[in-house]
Amino acid sequence: MSWIKKLLPSRIKTNGTSRRSVPEGLWTKCVTCNAVLYRAELERNLEVCPKCSQHMRINARARLDAFLDAEPRSEIGANVHPVDRLRFRDQKKYRDRLAQSQRTTGEDDALVAMAGQLKGVALTAVAFEFNFMGGSMGSVVGERFVRAAEYSVDQEIPLVCFSASGGARMQEAIISLMQMAKTSAAIANLNRRGIPFISVLTDPTMGGVSASLASLGDVIIAEPNALIGFAGPRVIEQTVRETLPEGFQRSEFLLEHGAIDMIMDRREMRDRIASMLAIMGHRRLAG
Amino acid sequence: MNFLEFERPIAELEAKIEELRHVGNDKEININEEISRLQKRSSELTQSIFSSLTPWQISQVARHPQRPYTLDYIERLFTDFEELHGDRSYADDAALVCGIARLDDRPVVIIGHQKGRDTKEKLLRNFGMPRPEGYRKALRVFKLAERFSLPVLTFIDTPGAYPGIGAEERGQSEAIARNLLTMSELRVPIITTVIGEGGSGGALAIGVNDRLLMLEYSTYSVISPEGCASILWKSPDKASDAADALGVTATRLNELQLTDEIITEPLGGAHRDHDSIAKRIKTSIAKHLQDVENLGTEKMIDSRHKRLRNMGFFEEH
């Protein structure tokens, strides 16, 4: 098919129809090594390429589903829903952007929070949904995060957060900025009570999320080759007018510069995080 | 005087007055009368222009090159000021000024962004954009304040934290995040005044507080109007639309109940009269500081936590 495509002048090409003749989503291609992968196998492998170990983005619910024990689970803050208090409008209305993200992701905002267990030990886990407006943090994300943290404090159980976010949600203007302070204060409370907070940084973790809750873990873990930083690479390039160094703002770069504790393969997280939490939470387990 | 684009009619009048003054030296027939008539018109014109500024115009006043900066206020508000330099591990960041001083007799700690006035100073101050070492210096001084029971007065005036290679290498994100966490728990009063630009995380990093005061023509926003325009409108020329949508002004923040006081500026903006705006700020800060101190430490922390806890708008059902 591809050689004939090249021969055709672009104006008589029809977009996308050729792809639709194959059942959609049965096969997929690794963005890094170009290996053709069977969709179901990739899912079983937690969206990690079996050929090159590239960690692709995984949606919030699938992430928590893979991380937590199957039972028991209960969602936190599902009754909290976004509102357009400012009637924000750019080229599109914020309300329309919300509705669109809700349709495409099946979530009603960019954070899913759950109480559950990891290898039989109770904990609270939250995950950002990057497909929902770039995982941006607005009021609902902030509120759900804080409720999860409060649940952890109340139950004296650890909190694990998987972040994937472009930063604060511009459409909630100053209110989204204030979520940085709100979530950081909730972590201060965990610190004061000696409750472990593990922050897992996934691709990408930027801006206001990076500059608040994501950087405040007792232990900070990153997935391989994730983009992590405060300012976006394009903004930095325009400001300093230099080419950015190789691997800039990637997990490996952060480890080298002392910003994170470790890089961890997604498929090892259940085992290794459970083991770390057992060590950090020894006082409670002993009691 | 340096006039902004929308002040052009005022600038023209002022130029005419200046011209007449020169003529006046030669003849002085009825010219004084004409001058005072024009001055009255100029002030009426200023009043009418400034009574209906758009958010984008206010952003420009907030960035006015002659607007008073943190050090201008320190000079006018405090005595016995001693600047404290350096983060004790990497460098001293001149974009963020810290120190101890007295507000009348009351000992205080001061932390504020600092912009530069001429090219050389602008570079030295990095246009008021701190790097991680600036935030870590502030962190050190926040803790110093707590150790010696000194209230902290912070002054916000920054386009934002510096987006540079070194800043990322040294952990800009962590530096900001750590400050947010520390301020939320600090056992001394924190009074924040936004004196110019409140640019995003770089502003908030010294702005978790018990009281938030904003000057009439200051701004506070999650992103600059230009930045927002280039992302959401794909064109930085739409900054004016973005400023409207973001609602960056003190009035809009006040409607959302995020501010505790808007400090009125002199006619035509703070840059027209540094002494008078300094006096107003001093009065307001002293009043709010007294209110917070009256709460006592436990109640103060409790109410700061409540303020933070209640940030946000959502539905519950």
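Residues numbered from 1 in each chain as written. Chains lettered and ligands numbered in written order. Predicted model: local features only at pLDDT ≥ 70, side-chain atom pairs only at ≥ 80, totals over all residues. Heavy atoms only, no water.

### Quick notes on the overall build of chain A
Counting secondary structure elements, chain A contains twelve helices and ten strands. Referenced to the eigenvectors of the C-alpha coordinate spread, the extents of chain A come out at roughly 70 × 45 × 40 Å. Looking at chain A as a whole, 53% of its 287 residues qualify as buried. Put simply, 66% of the contacts in chain A that link residues at least 6 apart link residues at least 24 apart. Put simply, chain A shows about 13500 Å² of open surface, and 49% of that area lies on carbon and sulfur atoms. Taking the 38 positively charged and 32 negatively charged side chains of chain A as two groups, their mean positions are separated by 7 Å. (Helix = DSSP H or I, 4+ residues; strand = E, 2+ residues; numbered from the N terminus. Buried < 20%, exposed > 50% of the residue type's maximum accessible area, 1.4 Å probe, protein only. Contact = heavy atoms within 4.5 Å. Areas by Shrake-Rupley, 256 points an atom, 1.4 Å probe, with all protein chains shown as cover. Lys, Arg positive; Asp, Glu negative; His and termini not counted. Charge placed at Lys NZ, Arg CZ, Asp CG, Glu CD.)

### Description of the UniProt feature "zinc finger region: C4-type" (unreviewed entry) in chain A
The residues that UniProt annotates with the feature "zinc finger region: C4-type" (unreviewed entry) are residues 30–52 of chain A. Taken as a whole, residues 30–52 of chain A contains 26% helix and 13% strand, while its terminal C-alpha atoms sit 9 Å from one another. (UniProt positions renumbered as here; feature names shortened; annotations may be inferred.)

### Considerations on a nonpolar patch on the surface
Among the surface-exposed residues, L26(A), W27(A), V36(A) and Y38(A) lie close enough to one another that they form a single nonpolar patch of about 400 Å² accessible area. Relative to the elements of secondary structure, Y38(A) occurs in strand β2 (residues 36–38). (Patch = residues over 30% accessible without salt bridge, like charges linked within 9 Å, V, L, I, M, F, W, Y side chains within 5 Å. Salt bridge = Lys/Arg side-chain N within 4 Å of Asp/Glu carboxyl O.)

### Comments concerning the sheet that holds strand β6 (residues 121–128) of chain A
Residue and element names in this part refer to chain A. Sheet architecture is open: seven strands sit in the order β3-β5-β6-β7-β8-β9-β10, paired in mixed fashion. Pairing within the sheet leaves two strands with one partner each, and these edge strands are β3 (74–76) and β10 (262–263). Across four bridges, the pairing between strand β8 (residues 197–205) and strand β9 (residues 219–222) is parallel. Among the inter-strand pairings, L201 is bridged to a residue of β9, identified as A222. Along the sheet, helix α4 (residues 60–67) contacts β3, β5 (111–118), β6, β7 (159–165) and β8; its crossing angle with β6, the most-contacted strand, is approximately 160°. (Pairing = 2+ DSSP bridges. Axes fitted to C-alpha atoms, helices over the stretch in contact; angles between N-to-C directions.)

### What to know about the packing of aromatic side chains
Tallying each qualifying case throughout the model produces seven aromatic pairs over all chains. Plain terms: the ring middles of F145(A) and F197(A) are 6.1 Å apart, the flat faces sit at 80° to each other, and that makes the pair edge-to-face. Placement of the pair is F145(A) in helix α6 (residues 139–155) and F197(A) in strand β8, with a sequence separation of 52 residues. As far as the burial class goes, F145(A) and F197(A) line up, both buried. Among the aromatic residues, those joined into a ring-pair cluster are F6(B), F50(B) and Y217(B). The cationic tip of R85(A) hangs over the ring face of F313(B); the distance from NZ or CZ to the ring centre is 4.7 Å. In this arrangement the basic side chain of R117(B) is found over the ring face of Y69(B), its NZ or CZ atom lying 4.0 Å from the centre. (Phe/Tyr/Trp six-rings, centres within 6.5 Å; stacked < 30°, edge-to-face > 60°. Lys NZ or Arg CZ within 6 Å of the ring centre and 35° of its normal.)

### As for the interface of chain B and chain A
Across the boundary between the two partners, chain B contributes 46 residues, which contact 56 residues of chain A. Overall, the association of chain B and chain A removes approximately 4600 Å² of surface from exposure, summing both partners, and the carbon and sulfur fraction of that is 69%. One can count four salt bridges joining chain B with chain A. Residue E150(A) pairs with R309(B) through a salt bridge whose shortest N-O separation is 2.6 Å. (Buried area = accessible area lost by both parts, 1.4 Å probe.)

### What about the pairing of β7(A)?
Residue and element names in this part refer to chain A. Counting buried residues along β7, seven of its seven residues qualify, which places the element largely inside the surrounding structure. With burial as the criterion, each face of β7 is covered, one bearing L159, C161, S163 and S165 and the other bearing V160, F162 and A164. Note that β6 and β7 share four bridges and pair parallel. Looking across to β7, one finds that T124 is bridged to L159. Handedness of the crossover joining β6 and β7 through α6: right-handed. Note: β7 against β8, six bridges, orientation parallel. Counted as the bridge partner of S163 is L201 from β8. (Right-handed = clockwise from strand over helix to strand, strands pointing away.)

### Observations regarding helix α10 (residues 225–232) of chain B
Taken together, the buried positions of α10(B) are P225(B), G227(B), C228(B), A229(B) and L232(B). At its buried positions, α10(B) is contacted by α5 (94–105) of chain A together with α3 (55–62) and α11 (239–246) of chain B. K234(B) lies just past α10(B) and shows a positive phi near 55°.

### Side note on the nonpolar core
Membership of the largest hydrophobic core comes to 108 residues, with the highest contact counts inside it found for I111(B) and Y220(B). Element by element, the count of residues in this core is highest for helix α7 (residues 173–193) of chain A, at twelve residues. Membership of the second largest hydrophobic core comes to 25 residues, among which are I191(B), L215(B), L289(B) and M300(B). (Core = buried A, V, L, I, M, F, W, Y, C linked by side-chain atoms within 4.5 Å.)

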